[in-house]
Amino acid sequence: MGVNLNGVLLAIDAGNSKTDVAVLAPDGTVLGAARGGGFQPPVVGVETAVDTLAEIVGRAWAEAGGAGLPPAFAHVAACLANADLPVEETALQAELLRRGWSRSVRVHNDTFAILRAGLDEPRGVAVVCGAGINCVGMTPDGRTARFPAIGKISGDWGGGGGLADEALWFAARAEDGRGLPTALADALPAHFGLESMYALIEALHLGRITVEQRHELTPVLFAVAAGGDLIALSLVHRLAEEVVAMAAVALRRLGLHREEAPVMLGGSVLAARHPQLEERIRELLAARAPKAVIGFVTAPPVLGAGLLALDEASAGPEAKARLRGRYEV
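Being a predicted model, the structure only gives us computed values, none of them experimental.

Trainee: Where do I start with the sheet that holds strand 7 (residues 133–138) in this structure?
Mentor: Think of a sheet as strands paired side by side through backbone hydrogen bonds, with each pair either parallel or antiparallel. Strands sit in the order 8-7-6-9-10 across an open sheet of five strands; the sheet is mixed. Edge positions in the sheet fall to strand 8 (144–146) and strand 10 (292–296), since each has one partner strand and no second. Across the sheet, the mean angle separating the axes of adjacent strands is 20 degrees when strand polarity is ignored. Examined bridge by bridge, strand 6 (residues 124–129) and strand 7 share six bridges and lie antiparallel to one another. For Val128, the partnering residue across the bridge sits in strand 7 and is Asn134. Relative to strand 7, helix 10 (residues 230–253) is tilted by about 25 degrees, and along the sheet it contacts strand 6, strand 7, strand 8, strand 9 (261–266) and strand 10.

Written out as structure tokens, the structure reads:
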């Protein structure tokens, strides 16, 4: 099958754990798609990381009916994990341009894919809380708001990994007497079939429980908080404060804080819609940005990358609706 190359677009959503690629017609039809592993240039280097992208792009192109190497697309919208700073975006964009996929390449942090997936137009703010936490905002005139979001050194607190670490800290101190009592001291080790925090600390230290498994403790924290434990509940409320602080600052930077504007919440922690967390977020955001409208993003982020590509191509609402129809359930 031949492919009409006129105006064909490439959308990439590359996260830490998985990558989705879509080849799009200018009318929003998905011609081909493929999934692959995570995108981690800090670990393997920019060139090797893009080599991994190239293999996934090649499979998406083949599914679209193309033969051989992918052609020069009209535009490439690449929403990439670890593109946290402008200098990193520049390096990644240069490598993508070097591959010859298109003369028009735009690199975004992958959080922008989640934001755009939740919006009818590129206007609003998104806070994403999965393993980590991040916030971005955009307006139709191309202005953006964002944070470095690279951990404690950039002022971040929260995310699933951070919550698990905080829960462990309080539970350890509760068991040995340095801290206040909390049901976390029993619930966290019980999740792994262990009888004490000492046993859990040993298992973590010796690698019998992996860093990835440690993230399983975040739902345990929320369950304990739902049971009324004050320490666990304080951590849930602290996360709500961080979410609202990021959203309110981003809204203000874009001049959206005095008007009705969407604040989209995404990532595994926020999409789970824990009642105590959601209630506290709504309460705090109503005080800091009364006109903000909260929404939740459940569509796959590659939808957002595709919409960004269609935005760049000045596609109309029918094309964008067609693309949404492919990915929204």
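Here the narrative resumes.
Trainee: Would you explain the pairing of strand 6 in this entry?
Mentor: The two faces of a sheet get side chains in turn, since along a regular strand they alternate between them. Judged by how many residues are buried, strand 6 sits mostly within the fold: six of six residues are covered. Residues Gly124, Ala126 and Val128 line one face of strand 6 and the alternating positions Val125, Val127 and Cys129 line the opposite face, and both faces are buried. Hairpin remark: strand 6 followed by strand 7, antiparallel, with three residues in the connecting loop. In terms of strand pairing, strand 6 meets strand 9 through four bridges, oriented parallel. By the bridge assignment for strand 9, Val127 is matched with Leu265.

Trainee: Help me understand helix 12 (residues 275–288) in this model?
Mentor: Residue pairs spaced three or four apart in an α-helix point in one direction, given the helix's 3.6 residues per turn. Taking 1.5 Å per residue as the helical rise, helix 12 with its 14 residues ought to reach 20 Å, and the 20 Å between its terminal C-alpha atoms agrees with that figure. Among the residues of helix 12, those classed as buried are Leu277, Glu278, Arg280, Ile281, Leu284 and Leu285. All buried residues of helix 12 fall inside an arc of 165 degrees around its axis, so they share one side. For helix 12, the exposed residues lying more than 90 degrees away from the buried face are Pro275, Glu279 and Ala287. Those residues of helix 12 that are buried are in contact with helix 9 (217–226), helix 10, strand 9, helix 11 (268–271) and strand 10.

Trainee: What is the right way to look at the sheet that holds strand 2 (residues 18–24) in this model?
Mentor: As summarised here, the arrangement of the five strands in space is 3-2-1-4-5, forming an open sheet in which the pairing is mixed. Strand pairing shows two members of the sheet lacking a second neighbour, strand 3 (30–37) and strand 5 (105–109), which therefore form its edges. Within this sheet the neighbouring strands show an average axis-to-axis angle of 10 degrees, counted without direction. Bridge count for strand 4 (residues 75–80) against strand 5 is five bridges, and the pairing is parallel. Counterpart to Leu80 in the pairing with strand 5 is Asn109. Packed onto the sheet, helix 3 (residues 86–98) meets strand 4 and strand 5 and runs at close to 145 degrees relative to strand 5.

Trainee: Help me understand unusual backbone geometry in this model?
Mentor: Negative phi characterises most residues that are not glycine, and trans characterises most peptide bonds. If you check the backbone angles, Asn82 has positive phi at about 70 degrees while not being a glycine. Structurally, the position occupied by Asn82 is in the loop between strand 4 and helix 3. Assessed through its relative accessible area of 19%, Asn82 is described here as buried. Even without a glycine there, the phi angle at Arg273 is positive, about 55 degrees. Examined against the element boundaries, Arg273 turns out to sit in the loop between helix 11 and helix 12.

Procedures and definitions
- Residues numbered from 1 in each chain as written.
- Predicted model: local features only at pLDDT ≥ 70, side-chain atom pairs only at ≥ 80, totals over all residues.
- Heavy atoms only, no water.
- Pairing = 2+ DSSP bridges.
- Helix = DSSP H or I, 4+ residues; strand = E, 2+ residues; numbered from the N terminus.
- Axes fitted to C-alpha atoms, helices over the stretch in contact; angles between N-to-C directions.
- Contact = heavy atoms within 4.5 Å.
- Buried < 20%, exposed > 50% of the residue type's maximum accessible area, 1.4 Å probe, protein only.
- Expected span 1.5 Å × (residues − 1).
- Arc of directions from axis to C-beta.

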